[in-house]
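Chain residues, written in single-letter form:
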Amino acid sequence: NNNTDTYVGWNWRSNGGTTSTNSNGSENDTTVQVDPSGGFSIATWAGSGSTGTLGHGLSSAPTFYMVKDRENSNPFAVYAEGAGATKYQYLYANTAFATGAMWNDTAPTSTVFSVTSNTETNASGRNYVGYFFANVEGFIKSGSYEGNGNVDGSFVYTGFRPALIMTKSVDSTSDWQMFDDTRVGYNVDNNELKANTTAAEATTDMIDILSNGFKLRIATDPNVAETYVYLAMAHNPFKYATAR
């Protein structure tokens with residue numbers, strides 16, 4: 001709320017504050033809020049200090065999630081299906097995805113996700129929160145795409161018009177680039193923000209937001225000739241609308 005500055009926020013309605021206990025995992029129970037679409041949930045848990053599984057509350061396997069130690073300065077640890085279960089990254093970092101057992105080298109299932117005793121996900125005596133996204137037709141899509149290094153860039157099919165897009169290179173240094181349909185919100189002017197920096201938004205034309213996905217319009221990030229992961233969200237579709 002700094003005077004004369006302009007701000008943006010991205011908001012998800014989960015379940016109106018209604019939580020439930022989830023006992024699906026091998027470790028401590030989680031407390032979950034689950035969006036009616038089944039594609040987004042918030043889970044909290046107390047770390048057990050062991051390698052095992054925890055319940056995420058969704059009815060299908062999440063394809064993207066972020067986990068944060070709530071009481072310490074550890075960063076958000078990110079899982080992206082497009083990078084694979086043997087890799088992870090931090091939301092503050094611009095380096096390539098790292099190889100390591102953050103997720104116990106195990107992909108999530110329709111009921112649980114895997115953690116290890118590291119401080120980022122399940123250390124004893126620490127409390128955690130996780131934000132989980134699963135693919136829902138017409139609403140949420142995450143995965144991977146191959147950039148082509150050309151201004152006539154790759155097209156990524158989502159099956160809906162994205163309201164928010166986040167991208168990150170798996171293979172090399174790049175930012176967590178974020179685009180939405182509100183700042184400025186029309187092609188070709190879809191301004192970029194970076195989740196991993198404090199920089200102001202960039203106005204370089206990078207992507208077009210289309211009725212069924214997005215198309216890259218730049219030869220550099222997020223369209224270098226390498227693998228990228230992405231998370232795309234639509235506005236709440238009519239099937240799950242909350243208006244009265």
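Here, the structure is the one placed above.
Residues numbered from 1 in each chain as written. Predicted model: local features only at pLDDT ≥ 70, side-chain atom pairs only at ≥ 80, totals over all residues. Heavy atoms only, no water.

**Student:** Go over the sheet that holds strand 1 (residues 20–22), please, and point to the residues and values.
**Tutor:** The sheet built from eight strands is open, its strands ordered 1-2-3-10-5-6-7-8 with antiparallel pairing. Edge positions in the sheet fall to strand 1 and strand 8 (98–99), since each of these pairs with one other strand and no more. Two strands pair when backbone bridges link them, and strand 6 (residues 77–80) and strand 7 (residues 87–90) are joined in this way by two bridges, in the antiparallel orientation. Bridged to Ala77 within strand 7 is Tyr90. (Pairing = 2+ DSSP bridges. Helix = DSSP H or I, 4+ residues; strand = E, 2+ residues; numbered from the N terminus.)

**Student:** Describe the sheet that holds strand 20 (residues 227–233), with residues and values.
**Tutor:** What the five strands build is an open sheet, ordered 11-20-13-14-17; its pairing is antiparallel. The open sheet terminates on both sides in strands that have one partner only, identified here as strand 11 (140–146) and strand 17 (193–194). Across six bridges, strand 13 (residues 164–169) lies against strand 20 in antiparallel orientation. Pairing of Ile165 across the sheet is with Ala232, part of strand 20.

**Student:** Which residues make up the pattern of salt bridges, and what values go with them?
**Tutor:** For the structure shown, the criterion picks out seven salt bridges. Residues Lys194 and Asp175 are paired through a salt bridge, measuring 3.4 Å at the closest nitrogen-oxygen approach. Within this pair, whereas Lys194 is found in strand 17, its partner Asp175 is found in the loop between strand 13 and strand 14 (177–180), the two being separated by 19 residues in sequence. Since its relative accessible area comes to 17%, Asp175 is described here as buried. The partner of Glu201 in a salt bridge is Arg183, with the nearest N and O atoms 2.6 Å apart. (Salt bridge = Lys/Arg side-chain N within 4 Å of Asp/Glu carboxyl O. Buried < 20%, exposed > 50% of the residue type's maximum accessible area, 1.4 Å probe, protein only.)

**Student:** Please give an account of the environment of Asn212 that cites residues and values.
**Tutor:** Looking at where Asn212 falls in the secondary structure, it is placed in the loop between strand 18 (207–210) and strand 19 (213–216). Sequence spacing of Asn212 and Phe155 is 57 residues, and the spatial spacing of their C-alpha atoms is 9.8 Å. In contact with Asn212, other than residues within four places in its own chain, are Phe155, Val156, Tyr157, Thr158, Gly159 and Phe160. (Contact = heavy atoms within 4.5 Å.)

**Student:** An account of the layout of surface pockets is needed here, citing residue identities and associated values.
**Tutor:** Picture a little ball the size of a water molecule; that probe, rolled over the atoms, points out where space is still empty. By volume, the largest pocket amounts to about 420 Å³. Looking at the largest pocket, it is lined by 19 residues, and the ones nearest its centre are Asn11, Trp12, Ala234, His235 and Asn236. The residue inventory of the lining of the largest pocket, partitioned by class, reads nine nonpolar, six polar and four charged. (1 Å grid on protein atoms, 1.4 Å probe; cavity = no way out; pocket = protein on both sides within 12 Å on 5 of 7 lines; lining within 4 Å. Points joined across faces, edges and corners; volume = space filled by probe spheres on them. Nonpolar A, V, L, I, M, F, W, Y, C, P; charged D, E, K, R; others polar.)

**Student:** I'd like to hear about the packing of aromatic side chains, residue by residue, with values.
**Tutor:** Under the counting rule described, the total for this entry stands at 21 aromatic pairs. Judged by centre distance (5.2 Å) and plane angle (80 degrees), the rings of Tyr65 and Trp103 are edge-to-face. Residue Tyr65 is found in strand 5 (residues 64–69), and its partner Trp103 is found in the loop between strand 8 and strand 9 (112–115); the two are separated by 38 residues along the sequence. Each member of the pair, Tyr65 as well as Trp103, carries the same accessibility label: buried. (Phe/Tyr/Trp six-rings, centres within 6.5 Å; stacked < 30°, edge-to-face > 60°.)

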